[in-house]
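Architecture at a glance
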Amino acid sequence: MSVIRKSSLDILSVGKWILRRDCRLLSAVPEKVEVAEKAQEEIEKLSGRKRRFNNPVLEYRHVYPEFLPDPNPKWRNSLREKMERADMLKRRSQIDIPEFYVGSILAVTISDPHAQGKTNRFVGICIERKGCGLRAEFILRNVVDHQGVEVKYELYDPTIQSIQVLRLEKRLDDKLYYLRDALPEYCTFPQDMDPEMLPEGTPVPLNPVQVKLKPKPWLERWERQDLKGVSNIEEHLKEKDRVRRELRKTPWEKYDLMKQYRKTIPAEDQTEIWSEVYNQLQQMRVSRKKLSRKRLFTTPKPQLG
Amino acid sequence: MSKSNLKLICSALNKMRVSCVTARSCHFQPKFRPPYWYAPKERVMSEDMLTQENRDFIEEVRQDKLNLQIAMESPLAKVEAQEVAEWDPTTRRAGLIARKIGNYPLWSKDGKKFQTTLLQVVDNHVIKYTPPEEFKPMKTTKLNWREKRKLGCLLIGSETIDPSTVTKDYCGLFSSVGMLPKRHLFRFMISPHAKMPTGTPLFATHFRVGDYVDVRAKTIDRGFQGVMKRWGFKGMPASHGVTKTHRRPGNIGAGGQKARVWPGTKMPGHMGNRWKTLRGVQILRMNTKHNILWMLGVGIPGETGAMCYLFDTILPLRKLKTPPPFPTQPFVEDLPLEYYDESIHRFEGPTITFEES
């Protein structure tokens, strides 16, 4: 009986999630992503190889990318990285820094020295996340009163009071700087947006929305950047731009293994790092989850009158 | 015939004397002449054809020596309190040898971000003290500074290394005082009453949080550079008819009477790899376990991993006002792990809020 009830509950929650996804603005073609995933699975089956790293600890590199140091060997020092991670964990024990990605919608509350005794809350879409260690930062973008606003926050800044994920999702590109040249409705979010809860255990959804760019002039040459999240880039190009795009292409770079190696931290180093911080991060996650559940199930006080 | 020839040659050779050989005198002294006591450090490594047993034995002996040195009690512990002289503002204390290990930000209690440089004090020991009477430094042509100051020389080493990797001469510097060889050495000029006995370990607690220090190090070697990088010249325009002079200095001197290039004109040349001292750097935070100092700013010369030398600052307004640990802070078991400046926010502290005043 209980099993049936549980499964029916699960179905309900999944159904809700699908419904909400369909109702969501600007998310038109969800099939595309699934196709890509299936294709990858097929490739794996065909080649008969397993994934090289099925270590669950290594998956943390997506959730906590700032724990990995800068791969430039000129700047690396094991002791400094250790101290830095210790400081990051100390800060994380004070504030819940949730899992979020470029394309997620966040609300950040900071204490403002120019508005003493008050707090400052900003809602926006994360268009960039960069830096490692205590220098990690992210940029939120929103359109307020028809005016694009971008705020850069540092993840470990002690004046940040809370970071709340209103909608957890990924987008097709690593950086969403092209939203600056896109139509304003693609990055307009209400300041009183409600957080959307995902059912537990679902993978982070990918929003395959393709934005429409405004006509030129642009801030960057978007046509050269091989963007997947822009739909109408060809409309605004001249023949000259297309020719130059072809000239500027570097198709050999995907075969440059050394370049990839220099940009990443090797898996052996990563396991060392994650084994150092895994336990504490896991504990924090669990305790935060418990707390949030407690908050959820508080009985509402009977209203007087 | 041949005999007479031989005689001729012999007589000619006899006339030649060593005293007649004239050597070209060098008017310009080279900029650096190693002093007579200078012992080259690097050794040519050779395959010694040792058996594995012998290798193990050598390794064992080395470990024993290292353990002995680690276990050695600080000689300062024996010195009684009365013998230690008092610190006064004219005293010059010893310094430290540290390694630059990177940068990261700290935040102050009013929410400001400070970039800091981390310096690790690696395994510092006093090697030798030479009193001012005996100290004969390298002769320089210009001034005899020994007349002016009565400072002794304290030799401090950092990072113990395997004695078999360096030359015998270099090892002799250390074995004569009963220490294991160190990778880095530095001479600190100190007041005679700030001396320390051989083998005294030095820690980051030699300085205090909030103090100002001078940091001496070698700048990053950038090689031969043009004027734009070396002196910050503006160069010339990229277009508008400019040809082949985009990064060149332009005019370097006037004509007329003084038709020459003035000495000291900024020109292309070798950049970096020089000794530079950054003065008046504040210590914001200190870790006593790993002996790390967090210094304010990112201007400390050298790349990550470079060695630098720390002194008490000589800037008049930032000089030490209260007596520091003198001659140094001896090892204490139960020190707090971290020291913070009052202005610095601790990461484990609560989120900063600005109260209405």
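Residues numbered from 1 in each chain as written. Chains lettered and ligands numbered in written order. Predicted model: local features only at pLDDT ≥ 70, side-chain atom pairs only at ≥ 80, totals over all residues. Heavy atoms only, no water.

Labelled according to an unreviewed UniProt entry, chain B appears under the name Large ribosomal subunit protein uL3m, originating from Pararge aegeria aegeria. Recorded under Sequence similarities (unreviewed entry), the UniProt text for chain B is reproduced unchanged: "Belongs to the universal ribosomal protein uL3 family." (UniProt positions renumbered as here; feature names shortened; annotations may be inferred.)

Going by what an unreviewed UniProt entry lists, chain A is known as Large ribosomal subunit protein bL19m and is assigned to Pararge aegeria aegeria. The UniProt entry for chain A carries the following comment under Subcellular location (unreviewed entry): "Mitochondrion". UniProt, in its Sequence similarities (unreviewed entry) section for chain A, records the words "Belongs to the bacterial ribosomal protein bL19 family."

1. So, the overall build of chain B
The helix and strand inventory of chain B stands at five helices and 13 strands. Every one of the 357 residues in chain B was classed for burial, and the buried ones make up 36%. Taking the contacts inside chain B whose residues are at least 6 apart along the sequence as the reference set, 78% of them involve residues at least 24 apart. Accessible area of chain B: about 23100 Å², with a carbon and sulfur share of 56%. (Helix = DSSP H or I, 4+ residues; strand = E, 2+ residues; numbered from the N terminus. Buried < 20%, exposed > 50% of the residue type's maximum accessible area, 1.4 Å probe, protein only. Contact = heavy atoms within 4.5 Å. Areas by Shrake-Rupley, 256 points an atom, 1.4 Å probe, with all protein chains shown as cover.)

2. As for the overall build of chain A
Each helix and strand counted, chain A has seven helices and five strands in total. For chain A, the sequential pattern of α-helices and β-strands runs α-α-α-α-β-β-β-β-β-α-α-α. Evaluated residue by residue, chain A yields a buried proportion of 38% over its 305 residues. Summarising the internal contacts of chain A: among those between residues at least 6 apart in sequence, 69% fall at separations of at least 24. For chain A, the accessible surface area stands at approximately 19900 Å², while carbon and sulfur atoms represent 54% of it.

3. Considering the pairing of strand β3 (residues 137–144) of chain A
Residues and elements named next belong to chain A. Across the eight residues that make up β3, a large majority, seven, are buried. Taken together, the five bridges between strand β2 (residues 119–130) and β3 define a ladder with antiparallel strand orientation. Bridge assignment links E128 to a residue of β3, and that residue is I139. Following β2, the chain reverses through six residues before pairing antiparallel with β3; G131 in that reversal takes a positive phi of roughly 85°. The pairing of β3 with strand β4 (residues 147–154) spans eight bridges and is antiparallel. The residue of β4 that forms the bridge with E137 is E154. (Pairing = 2+ DSSP bridges.)

4. What to know about the interface of chain A and chain B
Each partner contributes residues to the interface: chain A has 26 residues there, and chain B has 31 residues. For the chain A and chain B pair, buried surface summed over both sides reaches about 2400 Å², with 59% attributable to carbon and sulfur atoms. Remark: the boundary between chain A and chain B carries three salt bridges. Across the salt bridge formed by R285 of chain B and D87 of chain A, the nearest N and O atoms sit 2.9 Å from each other. Inspection of the region where chain A meets chain B yields nine residue pairs in polar contact (both at pLDDT 80 or more). Among the elements of the structure, α4 (78–94) and β5 (160–167) of chain A are those that each provide at least two residues to the side of chain A that touches chain B. (Buried area = accessible area lost by both parts, 1.4 Å probe. Salt bridge = Lys/Arg side-chain N within 4 Å of Asp/Glu carboxyl O. Polar contact = N/O pair within 3.5 Å; in protein donor to acceptor, adjacent residues only side chain to side chain.)

5. Section: the sheet that holds strand β6 (residues 201–202) of chain B
Residue and element names in this part refer to chain B. Pairing in this open sheet of four strands is antiparallel, and the strands run β5-β4-β3-β6 from one edge to the other. Sheet topology places β5 (182–190) and β6 at the edges, where each strand pairs with a single neighbour. With eight bridges connecting them, strand β4 (residues 152–160) and β5 associate as antiparallel partners. In the sheet register, C153 faces β5, and the bridge partner there is M189. The sheet strands contacting helix α4 (residues 168–175) are β3 (124–130) and β5, and the helix crosses β5 at an angle near 55°. (Axes fitted to C-alpha atoms, helices over the stretch in contact; angles between N-to-C directions.)

6. Some thoughts on the sheet that holds β2 of chain A
Neighbouring strands of a sheet are bound in pairs by backbone hydrogen bonds; such pairs are parallel or else antiparallel. Residues and elements named next belong to chain A. Across the sheet, five strands lie side by side as β4-β3-β2-β1-β5; this open sheet has antiparallel pairing. In the strand order of this sheet, the two ends are held by β4 and β5, each with one partner. Strand-to-strand twist of the sheet, defined as the mean angle between neighbouring strand axes without regard to direction, takes the value 35°.

7. Thoughts on the nonpolar core
F67, F138, Y156, Y178, L179, L213 and W274 of chain A are the most contacted members of the largest nonpolar core, which has 75 residues in total. Membership of the second largest hydrophobic core comes to 34 residues, among which are A98, V281, L293 and I300 of chain B. (Core = buried A, V, L, I, M, F, W, Y, C linked by side-chain atoms within 4.5 Å.)

8. Some words on a negative patch on the surface
All names here are of chain B. A surface patch of negative charge is lined by E53, D56, E60 and D64. Positionally, D56 belongs in helix α2 (residues 52–71). Relative accessible area serves as the criterion here: at 43%, D56 is assigned to the partly exposed category. (Patch = residues over 30% accessible without salt bridge, like charges linked within 9 Å, V, L, I, M, F, W, Y side chains within 5 Å. Lys, Arg positive; Asp, Glu negative; His and termini not counted. Charge placed at Lys NZ, Arg CZ, Asp CG, Glu CD.)

9. Some thoughts on the pattern of salt bridges
All names here are of chain A. All told, the structure shown has 32 salt bridges over all chains when counted by the stated rule. A salt bridge links D241 to K216, with the nearest nitrogen and oxygen atoms 2.8 Å apart. With D241 in helix α5 (residues 239–248) and K216 in the loop between β5 and α5, the pair connects residues that are 25 residues apart, well separated along the chain. The exposure class assigned to D241 is buried, which follows from its relative accessible area of 11%.

10. Some words on the environment of K321 of chain B
All names here are of chain B. Note on placement: K321 falls in the loop between β12 (307–312) and β13 (338–340). Taking the C-alpha atoms as reference points, K321 and P89, separated by 232 residues in sequence, lie 7.3 Å from one another. Only 3.0 Å separates the side chain of K321 from the backbone oxygen of L317, close enough to count as a polar contact.

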